[in-house]
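Spelled out, the chains give:
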Amino acid sequence: MLIFTGAGISTGSGIPDFRGPQGVWKRRQPVYYHDFMRSEGARIEHWDYKLEGWSTFRDAKPNATHQAIVKLEKAGKVAAVVTQNIDGLHALAGTSLDHLVELHGTNSLVECQTCGKRTEPGPHFESFRQTRKPPVCECGGLLKPATISFGQSLRNEDLEHAQKAATHADLVVALGSTLSVYPAAHIPLVAAHRGVPYIVINRGPTEHDELPEVTLRLEGDVGDIFPPAVTSALEEPV
Ligand SMILES: [Zn+2]
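Now for a quick tour of the structure. Small disclaimer: the values here were computed from a predicted structure and weren't measured. (Residues numbered from 1 in each chain as written. Predicted model: local features only at pLDDT ≥ 70, side-chain atom pairs only at ≥ 80, totals over all residues. Heavy atoms only, no water.)

## Remarks on the sheet that holds strand 6 (residues 143–147)
Reasoning step 1: In space, the 3 strands of this open sheet follow the order 5-4-6, with antiparallel pairing throughout. The open sheet terminates on both sides in strands that have one partner only, identified here as strand 5 (118–119) and strand 6.
Reasoning step 2: With 2 bridges joining them, strand 4 (residues 105–112) and strand 5 adopt antiparallel strand pairing. Within strand 5, the position partnered with Val110 by the bridge is Thr119.
Reasoning step 3: The strands touched by helix 2 (residues 40–59) within the sheet are strand 4 and strand 6, with strand 6 carrying the most contacts at an inclination of about 50 degrees. (Pairing = 2+ DSSP bridges. Helix = DSSP H or I, 4+ residues; strand = E, 2+ residues; numbered from the N terminus. Contact = heavy atoms within 4.5 Å. Axes fitted to C-alpha atoms, helices over the stretch in contact; angles between N-to-C directions.)

Below, the structure is given as structure tokens:
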């Protein structure tokens with residue numbers, strides 16, 4: 001199966017939904033990638049914003065939904081886990097990197113914009129906290145948390161990995177996503193358009209609710225619905 005996940009699966013881990021009514025974008029202006037690359041002031045603003053959320057991301061633990069997905073993978077049922085989340089919790093739960101596509105990147109690494117080297121965020125945040133200077137790579141390149149910024153394209157290799165899984169899966173499950181951010185929300189449809197069953201579980205409406213491709217729509221908290229369903233499916237006697 002292709003599993004597609006959004007913010008609704010991580011609220012149970014204490015990660016706020018940035019698009020919700022209390023979302024950070026009500027208070028801050030997003031820094032566009034182009035500005036980050038050109039302006040030291042924009043880099044300071046971006047690192048300051050990321051520093052504000054860092055302790056939440058650093059301390060967050062995977063929950064029962066992340067763990068249920070790992071159980072499915074261990075049972076050989078997962079073609080790919082494609083996530084919009086940047087919290088790194090799928091990897092922390094144990095989803096293998098071979099099966100994981102973090103479409104919008106991850107807060108659990110920092111990436112050099114010149115040489116691509118990826119490093120642990122902790123020391124960079126500590127340095128920024130003390131000096132207010134955005135950190136730079138040993139190569140001289142600009143360092144940025146490894147999330148996809150506004151105005152920055154998704155990685156081609158990630159999109160290809162996700163699309164490939166979507167063309168092989170015989171079941172697609174969307175968990176905790178409003179399915180409103182494209183191109184990410186197109187991924188489950190690639191599978192559904194092939195006629196494979198498409199299950200959507202979310203609390204609140206999604207943009208795919210009215211599509212004929214959706215074969216089962218479950219309303220409610222993913223954490224209440226999905227883990228017990230996985231447990232009972234895997235325990236089903238053959
Ligand atoms: Zn570098």
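Now that the structure is up, let's keep going.
## Some remarks on the packing of aromatic side chains
Reasoning step 1: In total, this model carries 4 aromatic pairs according to the counting rule given.
Reasoning step 2: Where Tyr32 meets Phe150, the ring centres are 5.8 Å apart and the plane angle is 50 degrees; that geometry is what we call tilted. Remark: Phe150 occurs in the loop between strand 6 and helix 6 (156–168) and Tyr32 occurs in the loop between strand 1 (2–5) and helix 1 (33–38); sequence separation between them is 118 residues.
Reasoning step 3: An aromatic cluster is defined as three or more aromatic residues linked by ring pairs; in this entry it consists of Trp47, Trp54, Phe125 and Phe128. (Phe/Tyr/Trp six-rings, centres within 6.5 Å; stacked < 30°, edge-to-face > 60°.)

## Points about the pattern of salt bridges
Reasoning step 1: On inspection of all chains with the given rule, the structure shows 14 salt bridges.
Reasoning step 2: Residues Arg155 and Glu111 are paired through a salt bridge, measuring 2.9 Å at the closest nitrogen-oxygen approach. Taken together, the residues span a long stretch of sequence, with Arg155 in the loop between strand 6 and helix 6 and Glu111 in strand 4 at a distance of 44 residues.
Reasoning step 3: With a shortest N-O distance of 3.2 Å, Glu219 and Arg217 are connected by a salt bridge.
Reasoning step 4: Judged by its relative accessible area of 24%, Arg217 falls in the partly exposed class.
Reasoning step 5: Connected via shared salt-bridge partners are Arg28, Glu45, Asp48, Glu52 and Arg132. (Salt bridge = Lys/Arg side-chain N within 4 Å of Asp/Glu carboxyl O. Buried < 20%, exposed > 50% of the residue type's maximum accessible area, 1.4 Å probe, protein only.)

## Topic: the coordination of the zinc ion
Six octahedral donors around a metal ideally sit at 90 or 180 degrees from one another, while four tetrahedral donors ideally sit at 109.5 degrees.
Reasoning step 1: Within the protein, the atoms that donate to the zinc ion are Cys112 (SG), Cys115 (SG), Cys137 (SG) and Cys139 (SG), at distances of 2.3 Å.
Reasoning step 2: Between the 4 donor atoms coordinating the zinc ion, the angles at the centre fall across 104 to 119 degrees, so the site counts as tetrahedral. (Donors = N, O, S within 2.8 Å, 3.2 Å for Na, K, Ca; no water. Tetrahedral: all angles 85-135°; square planar, octahedral: opposite > 155°, others 65-115°.)

## Description of the sheet that holds strand 1
Reasoning step 1: Here we have 6 strands laid out as an open sheet, ordered 3-2-1-7-8-9, and parallel in their pairing. Of all strands in the sheet, those bounded by a partner on one side alone are strand 3 (100–102) and strand 9 (216–219). Strand after strand, the sheet turns through a mean of 15 degrees between neighbouring axes, direction not considered.
Reasoning step 2: Looking at chain direction, strand 2 (residues 80–83) and strand 3 are connected through 3 bridges and run parallel.

## As for the environment of Ala191
Reasoning step 1: Tracing the sequence through the fold places Ala191 in helix 7 (residues 186–192).
Reasoning step 2: On the basis of relative accessibility, which here comes to 0%, the residue Ala191 falls in the buried class.
Reasoning step 3: Counting along the chain gives 154 residues from Ala191 to Met37, while the straight-line C-alpha distance between them is 36 Å.
Reasoning step 4: What Ala191 contacts, discounting residues up to four positions off in sequence, is Leu2, Ala166, Val172 and Val196.

## Some details on the environment of Leu175
Reasoning step 1: Note that Leu175 resides in strand 7 (residues 172–175).
Reasoning step 2: On the basis of relative accessible area, Leu175 is assigned to the buried category, the value being 0%.
Reasoning step 3: With sequence-adjacent residues up to four places away left out, Leu175 is seen in contact with Ile3, Phe4, Thr5, Gly6, Ile9, Thr65, Ile69, Ile201, Val222 and Phe226.

## Structural notes on the nonpolar core
Reasoning step 1: One finds Leu2, Phe4, Val82, Leu103, Leu179, Ile187 and Tyr198 to be the most contacted residues of the largest nonpolar core, which totals 27 residues.
Reasoning step 2: Secondary structure elements with two or more residues in this core: strand 1, strand 2, helix 6, strand 7, helix 7 and strand 8 (198–202).
Reasoning step 3: Excluding residues within four positions of it along the chain, Tyr198 makes contact with Val172, Ala174, Leu179, Pro188, Leu189, Ala192, His208, Glu213, Val214, Thr215 and Leu216.
Reasoning step 4: In terms of nonpolar packing, the next biggest core, distinct from the first, is built from 16 residues, Ile3, Val173, Ile199 and Val230 among them. (Core = buried A, V, L, I, M, F, W, Y, C linked by side-chain atoms within 4.5 Å.)

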